[in-house]
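Single-letter residue listing:
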Amino acid sequence: QNKASLQVKGAMAGDGVARMLRIVIALTAAATLAGCSWAPIRDLRDSVSRSFHRNGESALASGIRKYDDGAYSEASKDLQTALKLGLWDSDRVRAHKYLAFIYCASGREDRCREEFRLALDIDPQMQLSPAEAGHPIWGPIFRSVKAGR
């Protein structure tokens, strides 16, 4: 066999190893950058993260659905469960945001502020939608928490 043929066979035999190495490098990079809040790195980390499943996703979806239906107590339980089970950063931000809305609406301003702080700790660039930001209760509280960072 000639040298080129041996190199191709060697490369093909190492294909599984190379693929595993690429996965390990991607996971290492994602873990290393997990605390980075720079938007391009956060987006890269989240796209790598989406390759894997988190247990809290269904509880998060249920909590948001119950929030939309006005069942705030049940929504709060589901959102807390989702956080305990594990969520990706972008979903953790959403869970804390909805918990903040629930606490604000029920007159628990200290808890509302704390949930907004937790969300902003994960994503300092977090913004509310225009409709959310315009809400007369939690809009000003969110702006106050964000300005105090």
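Source: prediction; values computed, not measured.

Draft legend 1. Broad picture of the overall build of the chain. For the chain, the count of helices and strands is nine helices and zero strands. When the helices and strands of the chain are read in sequence order from the N terminus, they spell out α-α-α-α-α-α-α-α-α. Counting only residues that meet the buried cut, the chain has 34% of its 149 residues in that class. Taking as baseline every contact in the chain between residues at least 6 positions apart, the subset at least 24 positions apart corresponds to 50%. Within the structure as shown, the chain displays about 9000 Å² of accessible surface, and the carbon and sulfur contribution to it stands at 57%.

Draft legend 2. View of the packing of helix 6 (residues 89–105) against helix 7 (residues 109–122). One way to put it is that helix 6 packs onto helix 7 with a least axis distance of 8 Å and a crossing angle of 165°. The angle between helix 6 and helix 7 falls in the class roughly antiparallel. The handedness of the crossing between helix 6 and helix 7 is left-handed. In this structure, helix 6 contributes Asp-89, Arg-92, Val-93, His-96, Lys-97, Leu-99, Ala-100, Phe-101, Tyr-103 and Cys-104 to the contact, and helix 7 contributes Glu-109, Arg-111, Cys-112, Glu-115, Phe-116, Leu-118, Ala-119 and Ile-122. Per-class residue counts for the contact of helix 6 with helix 7 are 11 nonpolar, one polar and six charged.

Draft legend 3. Examining the side chain of Asp-78 more closely. For Asp-78, the position within the fold is in helix 5 (residues 72–85). Take Asp-78: its relative accessible area is 14%, and that puts it in the buried class. Within the structure, the side chain of Asp-78 is placed 2.6 Å from the side chain of Ser-62, a separation counted as a polar contact. Ignoring any residue separated from it by four or fewer positions in sequence, one finds Asp-78 in contact with Ala-59, Ser-62, Gly-63 and Lys-66.

Draft legend 4. Looking closely at the side chain of Asp-91. For Asp-91, the position within the fold is in helix 6. Excluding anything up to four places from it in sequence, Asp-91 contacts Glu-57 and Leu-60.

Draft legend 5. Expanded view of the nonpolar core. Leu-79, Phe-116 and Met-126 are the most contacted members of the largest nonpolar core, which totals 28 residues. Secondary-structure elements contributing two or more residues to this core are helix 4 (57–68), helix 5, helix 6, helix 7 and helix 9 (138–147). The dominant element in this core, judged by the number of residues it contributes, is helix 6, at nine residues. Apart from residues lying up to four places away in sequence, Met-126 is in contact with Val-93, Lys-97, Phe-116, Ala-119, Leu-120, Phe-142 and Lys-146.

Criteria and thresholds
- Residues numbered from 1 in each chain as written.
- Predicted model: local features only at pLDDT ≥ 70, side-chain atom pairs only at ≥ 80, totals over all residues.
- Heavy atoms only, no water.
- Helix = DSSP H or I, 4+ residues; strand = E, 2+ residues; numbered from the N terminus.
- Buried < 20%, exposed > 50% of the residue type's maximum accessible area, 1.4 Å probe, protein only.
- Contact = heavy atoms within 4.5 Å.
- Areas by Shrake-Rupley, 256 points an atom, 1.4 Å probe, with all protein chains shown as cover.
- Axes fitted to C-alpha atoms, helices over the stretch in contact; angles between N-to-C directions.
- Parallel < 35°, antiparallel > 145°, perpendicular 65-115°, else oblique.
- Left-handed = near helix turned anticlockwise from the far one by under 90°.
- Nonpolar A, V, L, I, M, F, W, Y, C, P; charged D, E, K, R; others polar.
- Polar contact = N/O pair within 3.5 Å; in protein donor to acceptor, adjacent residues only side chain to side chain.
- Core = buried A, V, L, I, M, F, W, Y, C linked by side-chain atoms within 4.5 Å.

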